[in-house]
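Architecture at a glance
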Amino acid sequence: MIQKNIFFFIGTTAELIKVFPIMRELDRQGRTYKVIASGQNRLDKEIILKTGVNPVDIQLSNIDISQSVLGLFSWFFSTTLKSLFKLRTVFRQCHKKNSLLVIHGDTISTVMGAFLGTVFRLNIVHIEAGLRSYDFFNPFPEEIDRMLVSSLSDMHCCPNYWAMNNVKNKSGVKVNTIQNTLLDSLNFALSLEDKSNLYKELSRDDFFIFVFHRQENLFDEALLKTVFTKILAYSKMNIKCLLIMHSPTEVALRKTKLLESIQSQPNVRITGRLSYFDFMNVLSISKFIVTDGGSNQEESYYFGKPCLILRKATERNEGLDENASLSGLDMDKVDHFLINYRLYNRDKVELEQSPSNIIINAMLEE
């Protein structure tokens, strides 16, 4: 294997979660790399960066970003423009044959990384490539991001055969990692012996996890009220609910005057967003999860944990019709899952070969 210049371009916490096992393995092999943070999320205080991997080497933006569509796009264009000048000296000695820019997923930072990598003539390695909904507006703008990034990437690291098929007509090397690097991250999280107080408290009783945070769901006031009323009624009559309260969710609940009612429910425990390690450990002891999050669908699949997906469609196929039920926002399907969630229990997915190792071998291959 030849020595290569490796750069990780990371924008969000979710991206960091899925690339840090690759960084850990490179560290174990004694290989060097640099971390470039776009600034879409603040990564410098993430606990993951305290597990022995490189801290952020280059920070492209430190400004607070409005989470509106207009705010995100304004930040994207201004940061990209500044980065063209800021990264010139960083990439001055880099050549396409020996320099890799690793990007992940489908955020606007992923697009930024792919564009900058193309401008500076680096080999672009796209992790979690090949996901598709084939609907430009669902999810928006993620589906557009995926199409743009696939057209710019030199290596497509796909988490399964279905994803591989989705990029079969794209130029570049295709690598099937069999599973998502998330499985490496999950196993690392479970290996940590230090458990949070929340974990210890929740382990005393049966409970389920409830996550509802996607903008298209929160903007639908009727849907918001229907879903929360149904979930809270179920919790009152059955087992406890751990509600993960994202900031946009809290804003929407205040606006619809649901928040006080939820806070008064004795069977509902409300917590803010948990660190990745805490969340994985809590998910591991829950009975099931009700969520509109794509990563949660994957995580529950690897655990074999029953998962109700509160979305009309999903771009992921992990666990569908096995441990996971796609509701399509049909309340009859929601009721069926809540009554019969035990039917969705499956065995935990065991790791036959590390997806991170597969990616590294492909990246460093001469």
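Residues numbered from 1 in each chain as written. Predicted model: local features only at pLDDT ≥ 70, side-chain atom pairs only at ≥ 80, totals over all residues. Heavy atoms only, no water.

Describing the sheet that holds strand 10 (residues 268-271)
Quick note on the threshold: Pairing between two strands requires that DSSP report at least two bridges joining them. Only runs of H or I of at least four residues qualify as helices and only runs of E of at least two qualify as strands under DSSP, and these elements are numbered from the N terminus. Axes, fitted as lines to C-alpha atoms, cover a helix only where it is in contact. Angles between the N-to-C directions of the axes lie from 0 to 180 degrees. In this analysis, two residues are considered to be in contact whenever any of their non-hydrogen atoms come within 4.5 Å of each other.
Strand order in the open sheet made by the 6 strands is 10-9-8-11-12-13, with parallel pairing throughout. A strand with exactly one partner marks an edge of an open sheet, and here the two such strands are strand 10 and strand 13 (324-326). The sheet shows a mean angle of 15° between the axes of neighbouring strands, direction not considered. Relative to strand 12 (residues 307-309), strand 11 (residues 289-291) is paired through 3 bridges, and the arrangement is parallel. In the strand pairing of strand 12, isoleucine 289 is matched with cysteine 307. Against the sheet, helix 9 (residues 221-237) contacts strand 8 (207-211), strand 9 (240-244), strand 10 and strand 11, and its axis sits at roughly 170° relative to strand 8.

Some points on the packing of aromatic side chains
Inclusion rule: What counts as a ring pair is set by centres within 6.5 Å for rings of Phe, Tyr and Trp (its six-membered ring), and what kind of pair is set by the plane angle: stacked under 30 degrees, edge-to-face over 60, tilted for all other angles. Three labels apply to residues, based on accessible area from a 1.4 Å probe with only protein chains included: buried if under 20% of the type maximum, exposed if over 50%, partly exposed otherwise in between.
Across all of its chains, the model carries 18 aromatic pairs by this definition. When the ring of phenylalanine 7 is compared with that of phenylalanine 91, the centres are 4.9 Å apart and the planes differ by 90°; the resulting orientation is edge-to-face. Taken as a pair, phenylalanine 7 in strand 1 (residues 5-10) and phenylalanine 91 in the loop between helix 2 (69-86) and strand 4 (99-104) lie far apart in primary sequence, 84 residues in all. With respect to burial, phenylalanine 7 and phenylalanine 91 carry one shared label: buried. When the centroid spacing of 5.2 Å and the interplanar angle of 55° are considered together, the rings of phenylalanine 91 and phenylalanine 120 count as tilted. With phenylalanine 91 in the loop between helix 2 and strand 4 and phenylalanine 120 in the loop between helix 3 (108-119) and strand 5 (123-127), the pair connects residues that are 29 residues apart, well separated along the chain. With respect to burial, phenylalanine 91 and phenylalanine 120 carry one shared label: buried. Members of the aromatic cluster, joined through ring pairs, are Phe208, Tyr234, Phe288, Phe337, Tyr341 and Tyr344.

Considerations on the packing of helix 9 against helix 14 (residues 331-340)
So the rule is basically this: Note on angle classes: values under 35 degrees are labelled roughly parallel, values over 145 roughly antiparallel, values of 65 to 115 roughly perpendicular, and the remainder oblique. Helix crossings fall into two classes, left-handed where the near helix is turned counterclockwise from the far one by less than a right angle and right-handed where it is turned clockwise. Amino acid classes used here: Ala, Val, Leu, Ile, Met, Phe, Trp, Tyr, Cys and Pro are nonpolar; Asp, Glu, Lys and Arg are charged; the rest, including Gly, are polar.
Packing of helix 9 against helix 14 leaves a shortest axis separation of 12 Å and a crossing angle of 20°. Judged by the angle between their axes, helix 9 and helix 14 are roughly parallel. The two elements helix 9 and helix 14 cross, and the hand of that crossing is right-handed. On helix 14, the residues that touch Leu223, Thr226, Val227, Lys230, Ile231 and Tyr234 of helix 9 are Met331, Val334, Asp335 and Leu338. Taken together, the residues of the contact of helix 9 with helix 14 break down into 7 nonpolar, 1 polar and 2 charged.

With respect to the pairing of strand 1
This is how the line gets drawn: The handedness of a crossover follows from its direction of travel: if, with the strands pointing away from the viewer, the path from the first strand over the helix to the second runs clockwise, the crossover is right-handed.
Counting buried positions along strand 1 yields 5 of 6 residues, so the element is predominantly enclosed. In this structure, strand 1 lies alongside strand 4, joined through 4 bridges in parallel fashion. Residue pairing across strands places isoleucine 6 opposite leucine 100, the latter belonging to strand 4. Of the strand pairs in this sheet, strand 1 and strand 2 (residues 34-37) are connected by 4 bridges, and their pairing is parallel. From the neighbouring strand, phenylalanine 9 faces strand 2, where its bridge partner is isoleucine 36. A crossover connection joins strand 1 to the parallel strand 2 through helix 1 (residues 13-28); in handedness this β-α-β unit is right-handed.

Details of the sheet that holds strand 3 (residues 58-59)
Taken in spatial order, the 7 strands make up an open sheet running 3-2-1-4-5-6-7, and their pairing is parallel. The outermost strands of the open sheet, each flanked by one partner alone, are strand 3 and strand 7 (173-176). Along the sheet face, helix 1 touches strand 1, strand 2, strand 4 and strand 5 and points at about 160° away from the line of strand 1. This element, helix 3, spans strand 1, strand 4 and strand 5 of the sheet and lies at about 165° to strand 4.

Here's the deal with helix 14
Helical geometry note: an α-helix holds 3.6 residues per turn, so side chains three or four residues apart project in the same direction. So the rule is basically this: Arc definition: directions from the helix axis to the C-beta atoms. Polar contacts, as counted here, are pairs of nitrogen or oxygen atoms within 3.5 Å of one another; within protein the pair requires one atom able to donate a hydrogen and one able to accept it, and residues that are adjacent in sequence qualify only if both atoms are side-chain atoms.
Along helix 14, the residues that are buried comprise Met331, Val334, Phe337 and Leu338. End-on view of helix 14: buried residues confined to an arc of 115°, all on one side of the axis. Away from its buried face, by an angle of more than 90 degrees, helix 14 presents the exposed residues Asp332 and Ile339. Its side-chain oxygen 2.8 Å from the backbone nitrogen of aspartate 332, aspartate 330 forms the N-cap of helix 14.

Structural notes on the pairing of strand 6 (residues 155-158)
Remark: a regular strand shows side chains that alternate across the two faces of the sheet. Burial along strand 6 is two-sided: Met155 and Cys157 facing one way and His156 and Cys158 facing the other are all buried. For strand 5 and strand 6, the ladder comprises 3 bridges, and the chain directions are parallel. When the bridges of strand 6 are listed, histidine 126 appears paired with histidine 156. Assessed by its sense of winding, the connection that carries the chain from strand 5 through helix 4 (residues 142-152) to strand 6 is right-handed. Pairing of strand 6 with strand 7 involves 4 bridges; the strand directions are parallel. Directly across from cysteine 158, in strand 7, lies its bridge partner asparagine 176. Tracing the backbone out of strand 6, into helix 5 (residues 161-166) and back to the parallel element strand 7 gives a crossover that is right-handed.

Examining unusual backbone geometry
A positive phi angle is found at glutamate 128, which is not glycine, with a value near 65°. Mapped onto the fold, glutamate 128 is located in the loop between strand 5 and helix 4. Taking the relative accessible area as the measure of exposure, glutamate 128 reaches 6% and is therefore buried. Residue lysine 257 is not a glycine yet carries a positive backbone phi of 60°.

Looking at helix 10 (residues 247-255)
Among the residues of helix 10, those classed as buried are Thr249, Ala252 and Leu253. Relative to the axis of helix 10, the buried residues are bounded by an arc of 100° and lie together on one face. Facing away from the buried side of helix 10, by more than 90 degrees, are the exposed residues Ser247, Val251, Arg254 and Lys255. Of the surrounding elements, those touching the buried residues of helix 10 are helix 8 (215-218), helix 9 and helix 11 (259-263).

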